[in-house]
Amino acid sequence: MHDIRALRADPTAFDADLARRGMAPVSAQLLAWDEEKRQAQTLLQDKQTRSKTLAREIGTLKRTGGDTAGLEAEGACLRTDMEGLKETVDTLGNQTTSLLATLPNRLDPSVPDGPDETANVVVQTWGTRPDFAFAPKQHFELGEALGQMDFATAAKLSGSRFVVLRGALARLERALGQFMLDLHTTEHGYTETQVPVLVNDDAMYGTDKLPKFADQSFRTEDGRWLIPTAEVPLSASVAGDIVDGSALPMRLTALSQCFRSEAGASGRDVRGMLRQHQFEKVEMVSVTTPEESDAEHERMTRCAEVVLEKLNISYRRMLLCAGDTGFGAAKTFDLEAWLPGQDAWREISSCSNTRDFQARRMNARYRAQAGSAPAFVHTLNGSGLAVGRTLIAVMENYQNEDGSITVPEVLRPYMGGLERIA
């Protein structure tokens, strides 16, 4: 949510931020509702004050036997007026809140202009792309040839955009998730957390998934939501809290199943595991102070990069442009891994600073020291990494001409010492 006071202070800058995202200005409408609401509130308060005075005057007259008919008639009119004014205040407040809930976060000034991913900026590239003496295959070609990646059975069970993994590939995916968790908890200072994959409306709204992304999520018949990412329960765990400033930063990580309807993705990445309805991801979430959030964003992104470096998979860091930055983010770095089978860079992690955008929606605050006024925390989230996409990257980068896959050295302890999947 947005601070209406900031909008009042500089509506031109507010609309300029929306324009960078390709959106029409809204400040005039919001300020008109805000002004009308404040006038109604002032009038309501005046009438409430008069009503209290009137009640005292009527009480005094009744005790002395005076005539109260005129004052009682005035009181009845006041009650009618107050009911109408309260309805006006509530209506205008709801209109304002509903519109604000649909508006994206304000962008950091360092975010480059641009309409879509074509304007994203390469910040850095790491590693050496493998030079094969043969034409590299895509992950699904390798997996199906091994008999360990089965899309046909998954389609029979669940429909399109699902997969069944078997044998060593199933173990390799499990190994990747465990490796990432161990790295983030033992070397990066994150606390491992096991979270529900079903959450309520408040958790989804507070983490900016509702109302904007309702059509991209799965909802159960009893009104709960399957999480699109563990960001939702991890971030929402501080909803409504006033956190002791000495406890910040809070760094949480979770390996969870994630569920996305992929609405609007018809025809995109139909083959393989790149775009699934159900997938695993290791999520990182940080809750920190406004002063530290930019440094925390850099730190979080480095934690994700280290995973790829230990796997020796070439990647590049991208600074997303205005038109490609997500709804809740003020600034986002994407990590793209090199996939030889596709001969392309593909996103494998996204690390975003939402500043106080989510905190305002879920009323998450902290107290810097005893006696100080509460202030909104800043929340950040990032993939560390998307496990299925990392499996794809390992398969394609570590493939051999005979169709086998070399197990990266760092994963062999998790694979019982297995060096090669064949």
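Residues numbered from 1 in each chain as written. Predicted model: local features only at pLDDT ≥ 70, side-chain atom pairs only at ≥ 80, totals over all residues. Heavy atoms only, no water.

A. Highlighting the overall build of the chain. Helix and strand counts for the chain come out as twelve helices and 18 strands. The C-alpha atoms of the chain give a radius of gyration of 27 Å, which is well past the 22 Å a tight globule of 422 residues would have. Across the 422 residues of the chain, 49% fall into the buried class. Look at the contacts in the chain between residues 6 or more apart in sequence, and 72% of them connect residues 24 or more apart. (Helix = DSSP H or I, 4+ residues; strand = E, 2+ residues; numbered from the N terminus. Rg over C-alpha atoms; globule rule 2.2 N^0.38 Å. Buried < 20%, exposed > 50% of the residue type's maximum accessible area, 1.4 Å probe, protein only. Contact = heavy atoms within 4.5 Å.)

B. Highlighting unusual backbone geometry. Cis geometry is found at the peptide bond from Leu210 to Pro211, where omega equals 0°. Tracing the sequence through the fold places Pro211 in the loop between α8 (201-206) and β6 (218-219). Following Gly384, the chain continues into Leu385 via a peptide bond in cis, with omega recorded as 20°. The phi angle at Arg161 is positive, at roughly 65°, despite the residue not being glycine. If you trace the backbone, Arg161 turns up in the loop between α6 (151-158) and β3 (164-165). Phi is positive for Arg355, close to 55°, though the residue is something other than glycine. Relative to the helices and strands, Arg355 resides in the loop between β13 (344-353) and α11 (357-362). Its relative accessible area of 18% is what places Arg355 among the buried residues.

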